[in-house]
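Overview (structure and organization)
These are the residues of each chain, in order.
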Amino acid sequence: MGSLFGGYGLYLLFSLPALILGLWAQAKVQGAFKKYSQVRTYTGLNGAEVARRMLDSNGLNHVKVEQTQGFLSDHYDPRSKVLRLSPSVYQSPSLASAGIAAHEAGHALQDAESYPALRLRSTMVPSVQIGSWLGPIIFMIGFFLQGTVGTTVAWFGVGLFALTALFAIITLPVEFDATRRAKTWLATSGIIYNQESEGVARVLDAAAWTYVAGAIQALSTLLYYVFLLSGRSRRD
Ligand SMILES: [Zn+2]
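Residues numbered from 1 in each chain as written. Predicted model: local features only at pLDDT ≥ 70, side-chain atom pairs only at ≥ 80, totals over all residues. Heavy atoms only, no water.

**A few points about the overall build of the protein**
Scanning the protein from N- to C-terminus turns up eight helices and three strands. Sequence-ordered secondary structure for the protein, helices as α and strands as β, is α-α-α-β-β-β-α-α-α-α-α. Reported as C-alpha extents along the three principal axes, the dimensions of the protein are approximately 65 × 35 × 25 Å. Counting only contacts in the protein whose residues sit at least 6 apart along the sequence, the fraction spanning at least 24 positions is 76%. Entry remark: accessible area of the protein is about 12,000 Å², with carbon and sulfur atoms responsible for 64%. Of the charged side chains in the protein, 19 are positive and 14 negative, and the gap between their average positions amounts to 5 Å. (Helix = DSSP H or I, 4+ residues; strand = E, 2+ residues; numbered from the N terminus. Contact = heavy atoms within 4.5 Å. Areas by Shrake-Rupley, 256 points an atom, 1.4 Å probe, with all protein chains shown as cover. Lys, Arg positive; Asp, Glu negative; His and termini not counted. Charge placed at Lys NZ, Arg CZ, Asp CG, Glu CD.)

Written as structure tokens, this is what we have:
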């Protein structure tokens, strides 16, 4: 029992690098967004118009573009086929808005093509929603129980939580691909000038780092559980 609490320093050792990476990525996104939300695109199209054009030019006229609340809360909802953009992205004709709007439209394109990683990710959502909170609880219960029963229960918790880590890893190709589609379309459609593509890339690449940090965070937590439990299994 003591080793779980005594392992707090150990937990920091496992989680600190990912935590620092996560904070760094967040700062990078906010910095890039702040800078490039003040740089106007030469076409003067706002995020909503950029998304609309990208969707229409790919035959996705049925996908709606709506404004939603919040800061950087932009997302594509595959169930209702709606692309929701935050007010600053929806309304402003900036490089940051164009990049984010095109990235979200990229997710709609993936959905229309049944892009495998996106489909797998969507299928996993319900089990991940349960596993992400139930996994750690079952792990704790198993850890406090004695003997092999406890160990088995704890491993079951690790297995549930592993879904969260797997989900975070599958998110990576989905996000990278949406960004690739956004950059390609913005450049070839003439919405973005050559000289403007760097600003778009800065914003989207910074955002990609937050997903990398998320995946490393989930993996390092998983490794921590495995490390604690394999030490205990040897003592059983
Ligand atoms: Zn995305």
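**As for the layout of surface pockets**
In this structure, the largest pocket spans a volume of roughly 820 Å³. Along the wall of the largest pocket there are 31 residues; nearest its centre are Asp 74, His 75, Glu 104, Glu 175 and Tyr 211. When its residues are assigned to classes, the lining of the largest pocket shows 16 nonpolar, ten polar and five charged. (1 Å grid on protein atoms, 1.4 Å probe; cavity = no way out; pocket = protein on both sides within 12 Å on 5 of 7 lines; lining within 4 Å. Points joined across faces, edges and corners; volume = space filled by probe spheres on them. Nonpolar A, V, L, I, M, F, W, Y, C, P; charged D, E, K, R; others polar.)

**Some remarks on the coordination of the zinc ion**
Coordination of the zinc ion by the protein is provided by His 103 (NE2), His 107 (NE2) and Glu 175 (OE), with metal-donor distances spanning 2.0 Å. Given a relative accessible area of 7%, His 107 falls into the buried group. Owing to a relative accessible area of 6%, Glu 175 belongs among the buried residues under this scheme. (Donors = N, O, S within 2.8 Å, 3.2 Å for Na, K, Ca; no water. Buried < 20%, exposed > 50% of the residue type's maximum accessible area, 1.4 Å probe, protein only.)

**Details of unusual backbone geometry**
Note: most peptide bonds trans; most residues except glycine with negative phi. In this structure, Leu 72 is a non-glycine residue whose phi angle is positive, near 50°. Mapped onto the elements of the fold, Leu 72 is located in the loop between strand S1 (64-67) and strand S2 (75-77). For Leu 72, a relative accessible area of 29% puts it in the partly exposed group. Even without being a glycine, Ser 114 presents a positive backbone phi close to 50°. Mapped onto the elements, Ser 114 comes out in the loop between helix H5 (95-112) and helix H6 (116-144). A relative accessible area of 36% means that Ser 114 is categorised as partly exposed.

**Some details on the environment of Tyr 225**
Looking at the secondary structure, you find Tyr 225 in helix H8 (residues 197-235). We classify Tyr 225 as buried; its relative accessible area is 9%. Ignoring any residue separated from it by four or fewer positions in sequence, one finds Tyr 225 in contact with Pro 136, Phe 139, Val 158 and Phe 161.

**Structural notes on the pattern of salt bridges**
In the structure shown here, the tally under the stated rule is nine salt bridges. Close ionic contact of Arg 84 with Glu 66 constitutes a salt bridge, the shortest N to O distance being 3.7 Å. Linking Arg 84 in strand S3 (residues 82-85) with Glu 66 in strand S1, this pair joins segments that are 18 residues apart in sequence. (Salt bridge = Lys/Arg side-chain N within 4 Å of Asp/Glu carboxyl O.)

**Re the side chain of Gln 110**
Relative to the helices and strands, Gln 110 resides in helix H5. Its relative accessible area of 0% is what places Gln 110 among the buried residues. Within polar-contact distance, the side chain of Gln 110 engages the side chain of Asp 177 at 2.7 Å. (Polar contact = N/O pair within 3.5 Å; in protein donor to acceptor, adjacent residues only side chain to side chain.)

**As for the packing of helix H3 (residues 47-57) against H5**
Where H3 meets H5, the axes come as close as 8 Å, and the angle between the chain directions of the two elements is 35°. Seen along the crossing, H3 lies across H5 with a hand that is right-handed. Residues Gly 47, Val 50, Ala 51, Met 54 and Leu 55 of H3 pack against Ser 97, Ala 98, Ala 101, Ala 102, Ala 105, Gly 106, Ala 108 and Leu 109 of H5. (Axes fitted to C-alpha atoms, helices over the stretch in contact; angles between N-to-C directions. Left-handed = near helix turned anticlockwise from the far one by under 90°.)

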